[in-house]
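Structure assessment
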Amino acid sequence: MATRGAGFARTQTSIRNSRKNILSKIRHGQVTGVGLTRGTQVPVALLEERDKRVKWQGIPALLRRLHESSHPNSDLSDIHSMVMELSSLLSMEAMSFVTEERKTPLQSISPNTYTFDLFGGVDEMVQLEEIPNLPSLVQSFNQQQLANFCRILSVTISEPDVGVDDKHTLLARSTQQKTSTCPSRSETNQVTLLNIPGFIERLCKLATRKVTEVEGASARLELEDWHSWLDNALVLDALMQLAIEEAEQSSTESSDESSLSSSPLRHRLPQSMKIVHEIMYKVEVLYVLCVLLMGRQRNQVHRMLAEFKLIPGLNNLFDKLIWRRQPAGHVLHRQNQNCDCSPEISFKIQFLRLLQSFSDHHENKYLLLSGQELNELSDIYLNANIFEMEALNNTDRNLVCDGKKGLLTRLISVMKKEPIDSSFRFWQARAVESFLRGTPSYADQVFLLRRGLLEHILNCIIDSGCTSHDVLQSYFDLLGELMKFNIDAFKRFNKYVNNEEKFQRFLTQINSSLVDSNMLVRCIVLSLDRFESQTKDMKVIEVFSECHLLSYMAQVENRLTFLFRLINIINENVSCLNTSLVILMLARRRGKLPFYLNALREKEYAEKYPGCLLNNFHNLLRFWQHHYLNKDKDSTCLENSSCIPFAYWKETVSVLLGNAESGRSLRCAISTYIDEAYRDLNRDFMEL
């Protein structure tokens, strides 16, 4: 029995190792570009033999066959059968990627999708410029064909994701940027699309065209109906065609010709299907526009979307279609809900993603406002005696939202009414935050403060009982952008957090997950530093003397506590590294950097692990140099958001690493505060 047990254990180990060997070789090849980079390079016999052991569901072999059949003279019926077989294996896992911010499939949650991705499923990518007469073909599409074409484009223009945003991934991306000067296939496909005359204009029209509204709950397609009628988009097309044909024939049919024709489901199918079919089309179109907005041709795409009035069109649809009032009993999209198959849920999330991409670090963000709201912003600048931002002054008022309320105001209104357990809160907060990103704008902040946004955020963090890490992180980030350098926001904060109990609850939420709240901590530290220099501003002096939050962060021991904890968790999040650097940069400005480094050293000894923290921090700063000194966009974002010149970021990191030669600079070097016996400064940061 012992021998048999040992044999079984060896067999199980062999299976795990055989799988690990193939997977690790492919993953290594994808990062380095050397060796195997996709499963289609593995011999079929080996794939089939391993599949029997590790249960890949035949996906690698199917992808290999599909790859070999992908040429102009292929048998389309064979390809169709392979695609349908793959579709059946992936469809049950697919919707989680539509409704969750998870770019990369996880093996434990989505094993089939993970295998599909690993073995090159997302790399069977079509080269659009090689399709004969593509422009004339696309121009000949009707609206339905164009929407279906967008389903294909969602794959052909999307950049394959190399993993989560950890330091290994960032290093791999930096390395890829150095070694690859040619545009990727997806980038080439994006350029090809943008060069098709009228393509973006037609997408904007499809995204913003109105749907005939049907009154009453019976005309709505709710989640439970969706489950019973549909299992994929192809069925949806077939049902819509049937509905159109039935509607055309309805005038010639007898009312009692068939008992089926009088059923409630049959009567409401055509009306409901029109709405849902339009929603599904808009999901596809918004996704394509969102991808294009995040590509290298972003400015060109922005000009087109502005010219063709995408944002005003979406504003006109907001109340009637995008966020229409739900009937009693409507199924909510709750956090961690297993099935998110409703087309309306997908539509709302894709709409919010589009707003986030549209607003993020771009002057066209003011198109989200109405003409009346632009006047309000101008008045805020005038009353504060501040020069109006050039982007606001340059906004073409013929392209902004119609009526009194723009999209941003409408979004905030529904955000404040969203149920506490709805994960729409996460996407809503991300979309609003993107409007504030970049160089802080006092008028933009005040505009949102006037709409009660700060009080809503604080209610969610302190009083609502919200426990979702995703929602809390998005609200912390939004609160940071809303309050940064804005003394009026800190005054409002103090009015809402008006007793010690509330303040302690707020601190508890921050401290419960510093990874989630570190951007807010960064905002408070930066704001404190600026306010301390405004000694002649009476309003600042008054708020400073009363605000719990500023008084708390002004205490050096509290800043040191945050710094120590941030450096301890840097391995989890690159953002925490930047927040740590902000605290140390501001200390360096005031000549206090040696004091802070010595305090970290004393904390290490008190915790009985001398050298551990500072060695790790030193090596991570080397990684920081490797990453940020080669990433123009990331360095610009750091500079704009902190209002600290990037040259000072680089200089401070260099000083901390001991690269300066003067004796004074050595007092600011991390190595000075690590005893020789505990020094370990030259490890490869890939091994940290």
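Keep in mind that what you see is a predicted model, and the values were worked out from it rather than measured.

Secondary structure assignment for the chain yields 35 helices and 0 strands. Going through the 688 residues of the chain one by one, you find that 52% of them count as buried. In the chain, the share of contacts with a sequence separation of at least 24, taken over all contacts with a separation of at least 6, comes to 76%.

With 170 residues, the main nonpolar core has Phe199, Leu448 and Phe506 as its most contacted residues. Per-element tally for this core: the top contributor is helix α13 (residues 264–293), with 12 residues. Ranked by size, the runner-up nonpolar core spans 8 residues in total, among them Ile59, Leu66, Ile79 and Phe116.

For the rest of this paragraph, the subject is the packing of aromatic side chains. If you walk through the whole model with that rule in mind, you get 14 aromatic pairs. Between Tyr366 and Phe435 the ring centres are 5.9 Å apart and the planes differ by 85 degrees, which places this aromatic pair in the edge-to-face class. With a gap of 69 residues between them, Tyr366 in the loop between α16 (343–359) and α17 (371–383) and Phe435 in helix α20 (residues 424–436) connect regions that are remote in the sequence. With respect to burial, Tyr366 and Phe435 carry one shared label: buried. Plain terms: the ring middles of Trp624 and Tyr628 are 5.0 Å apart, the flat faces sit at 35 degrees to each other, and that makes the pair tilted. Within this pair, Trp624 and its partner Tyr628 are both found in helix α32 (residues 612–628), separated by 4 residues, close to a single helical turn. Across the pair, exposure class does not vary: Trp624 and Tyr628 are buried alike. One aromatic cluster is present, built from ring pairs that chain together Phe318, Trp323, Phe351 and Phe424. If you follow Lys348 out to its NZ or CZ, it ends over the ring of Trp323, 4.7 Å from the centre. The ring of Phe564 has Lys603 lying over it, and the distance from NZ or CZ to the ring centre is 5.3 Å.

With a phi angle near 55 degrees, Lys309 is a residue other than glycine that sits in the positive phi range. Even without a glycine there, the phi angle at His361 is positive, about 55 degrees. Among the structural elements, His361 can be located in the loop between α16 and α17. With relative accessibility at 35%, the residue His361 sits in the partly exposed group.

Evaluation of the coordinates by the stated rule reveals 2 cavities of 30 Å³ or more. Size it by volume and the largest cavity reaches roughly 90 Å³. Broken down by secondary-structure element, the contributors of at least two residues to the lining of the largest cavity are α23 (469–483) and α26 (514–533). Here the lining of the largest cavity takes 4 residues from α26, the largest share from any one element. Here the lining of the largest cavity is composed, by residue class, of 3 nonpolar, 2 polar and 4 charged.

The subject of this paragraph is the pattern of salt bridges. In total, this model carries 26 salt bridges according to the counting rule given. Note that Asp477 is salt-bridged to Arg430, the shortest N-O span being 3.2 Å. Separated by 47 residues along the polypeptide, Asp477 in helix α23 and Arg430 in helix α20 bring together distant segments of the chain. In this structure, Asp477 and Arg430 share a single accessibility class: buried. When the shortest N-O distance is used, the salt bridge between Arg505 and Glu501 registers 4.0 Å. Here the residue Arg505 and the residue Glu501 both occupy positions in helix α25 (residues 500–512), the gap between them amounting to 4 residues, near one helical turn. Among the residues examined, Glu501 registers a relative accessible area of 55% and is labelled exposed. When salt bridges with common partners are traced through the structure, they connect Asp360, Arg430, Glu433, Arg437 and Asp477 into a single cluster.

Another aspect to go through is the side chain of Asp516. Along the chain, Asp516 falls in helix α26. Despite its burial, Asp516 pairs with no opposite charge, the nearest such side chain being Arg430 at 7.8 Å. Polar contacts involving the side chain of Asp516 include one to the side chain of His469, which spans 3.0 Å.

What follows concerns helix α10 (residues 199–208). Because an α-helix packs 3.6 residues into every turn, residues spaced three or four apart end up facing the same way. Among the 10 residues of α10, 7 are classified as buried, and the element is accordingly described as predominantly covered. Turning to α10, its buried residues are Phe199, Ile200, Leu203, Cys204, Leu206, Ala207 and Thr208.

As a further point, take the environment of Trp56. Secondary-structure assignment places Trp56 in the loop between α2 (44–54) and α3 (59–69). The class of Trp56 is buried, set by a relative accessible area of 1%. Taking the C-alpha atoms as reference points, Trp56 and Pro111, 55 residues apart in sequence, are found 8.3 Å from one another.

The next point concerns the packing of helix α19 (residues 407–417) against α20. Look at α19 against α20: their axes get within 10 Å of each other, and the N-to-C directions meet at 145 degrees. Judged by the twist between their axes, the crossing of α19 over α20 is left-handed. Facing α19, whose interface residues are Leu408, Leu411, Ile412, Val414 and Met415, α20 presents Gln428, Ala429, Ala431, Val432 and Phe435. Split by residue class, the contact of α19 with α20 holds 9 nonpolar, 1 polar and no charged.

Attention shifts here to the confidence of the model for the chain. In low-pLDDT segments, the atomic positions of the prediction should not be examined closely. Mean pLDDT for the chain: 78, with 69% of residues reaching 70 or above. Averaged over each element, pLDDT in the chain is lowest for helix α11 (residues 223–229) (44) and highest for helix α21 (residues 442–449) (97). Between residues 1–20, whose pLDDT stays under 50, and residues either more than four places distant or in other chains, the model counts 9 contacts. For the stretch residues 94–105, pLDDT sits under 50, and the model shows 34 contacts to residues farther than four places along the chain or on other chains.

The interhelical angle for the contact between α25 and α26, taken along N-to-C directions, is 115 degrees, at an axis separation of 6 Å. For the pair α25 and α26, the contacting residues are Phe506, Ile510, Asn511 and Ser512 in the first and Leu514, Ser517, Leu520 and Val521 in the second. Of the residues belonging to the contact of α25 with α26, the class tally is 5 nonpolar, 3 polar and no charged.

What follows concerns the environment of Ser580. Relative to the elements of secondary structure, Ser580 occurs in helix α30 (residues 574–589). A relative accessible area of 0% means that Ser580 is categorised as buried. Sequence separation between Ser580 and Leu560 is 20 residues, and the spatial gap between their C-alpha atoms is 9.9 Å. With residues up to four places along the chain from it excluded, the contact list for Ser580 reads Leu563, Leu566, Ile567, Ile570 and Phe617.

The subject of this paragraph is the environment of Leu134. With respect to the helices and strands, the residue Leu134 is situated in helix α6 (residues 134–139). Residue class for Leu134 comes out buried when judged on its relative accessible area of 4%. For the pair formed by Leu134 and Ile196, sequence separation is 62 residues and the distance between their alpha carbons is 8.2 Å. Residues contacting Leu134, with those up to four places away along its chain left out, are Leu128, Phe149, Thr192 and Ile196.

Thresholds, definitions, all that
- Residues numbered from 1 in each chain as written.
- Predicted model: local features only at pLDDT ≥ 70, side-chain atom pairs only at ≥ 80, totals over all residues.
- Heavy atoms only, no water.
- Helix = DSSP H or I, 4+ residues; strand = E, 2+ residues; numbered from the N terminus.
- Buried < 20%, exposed > 50% of the residue type's maximum accessible area, 1.4 Å probe, protein only.
- Contact = heavy atoms within 4.5 Å.
- Core = buried A, V, L, I, M, F, W, Y, C linked by side-chain atoms within 4.5 Å.
- Phe/Tyr/Trp six-rings, centres within 6.5 Å; stacked < 30°, edge-to-face > 60°.
- Lys NZ or Arg CZ within 6 Å of the ring centre and 35° of its normal.
- 1 Å grid on protein atoms, 1.4 Å probe; cavity = no way out; pocket = protein on both sides within 12 Å on 5 of 7 lines; lining within 4 Å.
- Points joined across faces, edges and corners; volume = space filled by probe spheres on them.
- Nonpolar A, V, L, I, M, F, W, Y, C, P; charged D, E, K, R; others polar.
- Salt bridge = Lys/Arg side-chain N within 4 Å of Asp/Glu carboxyl O.
- Lys, Arg positive; Asp, Glu negative; His and termini not counted.
- Polar contact = N/O pair within 3.5 Å; in protein donor to acceptor, adjacent residues only side chain to side chain.
- Axes fitted to C-alpha atoms, helices over the stretch in contact; angles between N-to-C directions.
- Left-handed = near helix turned anticlockwise from the far one by under 90°.
- pLDDT = per-residue confidence, 0-100.

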